[in-house]
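# Survey of secondary and tertiary structure
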Amino acid sequence: MFGYVIVNKPEMKFKEFDLYRSYYCGLCKTLQEQFGRKGQFTLSYDMTFVILLLTSLYEPETAADCRKCMAHPFERHPTRVNQFTRYGADMNLLLTYHKCLDDWEDEHKISRRIFAGSLRKKFKKTEEAYPEKSALFQKKLEQIHQCEQRNSSSPDEVSGYFGEIMGEVFVWRRDEWEQELRRMGFFLGKFIYLMDAYEDVEQDKKTGNYNLFLQDFEQEDFEKRVEALLSMMMAECSRAFERLPIIENTEILRNILYSGVWCRYEQVRRNREKQRETGKQEERESDV
C-alpha cells in the first residue's frame with residue numbers, strides 16, 4: 001500500500017533530486033543501524049517524504065555524510081540524517097509490522113507472517129516508545145479489516161481509516177502545527193489507499209480479494225470518478241501543506257504533492273487503456 005508518494009524526477013533540478021536522495025539514503029542507513037537488514041526491507045519513499053516535510057518545518061540540525069552501501073558498493077553517495085530520520089525509521093517499522101499481520105489475517109500470506117515474526121523483537125522495543133501510535137495503527141487496520149469483511153464499497157469510510165493512520169504519522173508532537181500536519185497526512189493517506197485500490201482492482205477481481213472499486217470497475221465513468229476522488233484528496237492535502245510556514249525544500253515537496261504522486265496513476269491508467277485497445281483490436285480481428 002506504499003510507494004505512491006514519489007518525486008517526478010524529470011521535473012526536478014539535479015541538485016534537488018540529489019538532496020531528496022540523500023534523505024532517502026539516510027533513512028536506509030538508519031533502518032539498517034536500528035533494525036538490521038530486515039529493517040532495510042521496510043524502506044519507502046512515502047516515509048522519506050514525511051522526514052523531508054518535518055525537517056523542512058522544524059529545521060533541526062542535520063548531519064551530512066558520504067558513504068558506500070550494499071546497493072552502491074563502489075561509489076560514495078551523500079546521506080542526511082537528523083532526529084526525524086530516526087522517527088521515520090520507527091514509524092516504518094511499526095507500520096510494516098502491523099501491515100504484515102493484517103495481510104496474514106486477510107489473505108493468509110505466510111511470507112508476511114514470517115516477516116512480521118522476524119521483526120517482532122525490534123517492534124516490541126519500538127512500540128514501547130510510541131504506545132499510543134502503535135495502538136492507533138492496530139485499531140485502524142482492524143477497522144479496515146472489518147470493512148473488508150462486510151464488503152464495504154464506501155470510499156470515504158475505508159480510506160478514512162488509513163487516512164487516520166497517516167495523520168498520526170505526520171504528527172511528530174502536539175504543537176501549533178498539529179492540526180495542519182494531521183489534516184495533510186489524513187488526506188494523503190486517503191489518496192494512498194484509493195490509489196492502491198485503483199491499481200489492484202483488476203487483479204483483485206480475478207483473485208476474489210476485497211476491493212472497494214469492484215462494483216464500479218465496469219461502469220463507463222469509472223476512470224473519471226476515480227480521478228475526481230484522487231484529485232479531491234490531493235487538493236485538501238496540498239491546501240494544508242500551503243498553510244504550513246515552510247521555507248526550505250518547498251520545490252521538492254511541491255514536486256511530490258503536485259506531480260510525483262500522479263506518476264503511478266498515469267502509468268496505471270495508460271497501461272489499462274492500452275490493454276483495452278489491444279482487446280478491442282483482437283475482437284475486431286476475430287470478427288473478420
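Residues numbered from 1 in each chain as written. Predicted model: local features only at pLDDT ≥ 70, side-chain atom pairs only at ≥ 80, totals over all residues. Heavy atoms only, no water.

As a further point, take the overall build of the chain. A count of helical and extended segments in the chain gives ten helices and two strands. Reading the secondary structure of the chain in the N-to-C direction produces α-α-β-β-α-α-α-α-α-α-α-α. Evaluated residue by residue, the chain yields a buried proportion of 49% over its 288 residues. For the chain, the share of sequence-separated contacts (at least 6 apart) that also reach a separation of at least 24 residues comes to 70%. Accessible surface computed for the chain: about 15200 Å², of which carbon and sulfur atoms make up 48%. (Helix = DSSP H or I, 4+ residues; strand = E, 2+ residues; numbered from the N terminus. Buried < 20%, exposed > 50% of the residue type's maximum accessible area, 1.4 Å probe, protein only. Contact = heavy atoms within 4.5 Å. Areas by Shrake-Rupley, 256 points an atom, 1.4 Å probe, with all protein chains shown as cover.)

Where the model shows low pLDDT, its predicted coordinates should not be examined in detail. Overall, the predicted model of the chain reaches an average pLDDT of 91, with 94% of residues at or above 70. Helix α10 (residues 263-287) is the least confidently modelled element of the chain, averaging 78 in pLDDT, while helix α9 (residues 250-258) averages 98, the highest of any element. (pLDDT = per-residue confidence, 0-100.)

In this section: the packing of helix α1 (residues 14-40) against helix α2 (residues 45-58). Axis separation between α1 and α2 bottoms out at 9 Å; the angle between their running directions is 110 degrees. Judged on the interaxial angle alone, α2 and α1 are roughly perpendicular. Between α1 and α2 the crossing geometry is right-handed. Facing α1, whose interface residues are Y20, R21, Y23, Y24 and L27, α2 presents Y45, M47, T48, I51, L52 and T55. A class-by-class count of the residues in the contact of α1 with α2 yields eight nonpolar, two polar and one charged. (Axes fitted to C-alpha atoms, helices over the stretch in contact; angles between N-to-C directions. Parallel < 35°, antiparallel > 145°, perpendicular 65-115°, else oblique. Left-handed = near helix turned anticlockwise from the far one by under 90°. Nonpolar A, V, L, I, M, F, W, Y, C, P; charged D, E, K, R; others polar.)

Enumeration according to the criterion identifies 18 aromatic pairs in this entry. Consider the rings of Y20 and Y45, whose centres lie 6.5 Å apart with planes at 15 degrees: the pair is stacked. Of this pair, Y20 sits in helix α1 while Y45 sits in helix α2; the two residues are 25 residues apart in sequence, bridging distant segments of the chain. Arranged with centres 5.1 Å apart and planes meeting at 80 degrees, the rings of F186 and F187 form a pair that is edge-to-face. For F186, a relative accessible area of 24% translates into the label partly exposed. Through successive ring pairs, a cluster of aromatic residues spans F191, Y198, F213, F217, F222, W262 and Y265. (Phe/Tyr/Trp six-rings, centres within 6.5 Å; stacked < 30°, edge-to-face > 60°.)

With that out of the way, let us pick up the pattern of salt bridges. Counting across every chain of the model gives 22 salt bridges. Measuring nitrogen to oxygen at the nearest pair gives 3.0 Å for the salt bridge that ties D175 to R173. Classification of D175 as buried rests on a relative accessible area of 19%. Overall, the relative accessible area of 42% leaves R173 in the partly exposed class. For R225, the salt bridge identified is with D216, shortest N-O distance 3.6 Å. Relative accessible area serves as the criterion here: at 38%, R225 is assigned to the partly exposed category. Look at the salt bridges and you will find they share partners, linking E132, K133, E168, R174, E178 and R182 into a network. (Salt bridge = Lys/Arg side-chain N within 4 Å of Asp/Glu carboxyl O.)

Turning our eyes to something else, we now look at the environment of R225. Within the fold, R225 resides in helix α8 (residues 222-242). With near-sequence residues (within four places) excluded, R225 lies in contact with D216 and Q219.

Positive phi, normally seen in glycine, also occurs at E59, with a value near 50 degrees. On the accessibility criterion, E59 (44% relative accessible area) is partly exposed. Residues other than glycine seldom take positive phi values, yet N151 does so here, at roughly 60 degrees. Tracing the chain through its elements places N151 in the loop between α5 (131-149) and α6 (155-170).

Let us now look at the nonpolar core. In this structure, F49, L53, F170, L181, M184 and F213 are the most contacted members of the largest nonpolar core, which totals 79 residues. Examining the composition of this core, we find that twelve residues originate from one element, helix α7 (residues 178-207), more than from any other. With sequence-adjacent residues up to four places away left out, F49 is seen in contact with V5, F170, M184, L188, L253, I256 and L257. (Core = buried A, V, L, I, M, F, W, Y, C linked by side-chain atoms within 4.5 Å.)

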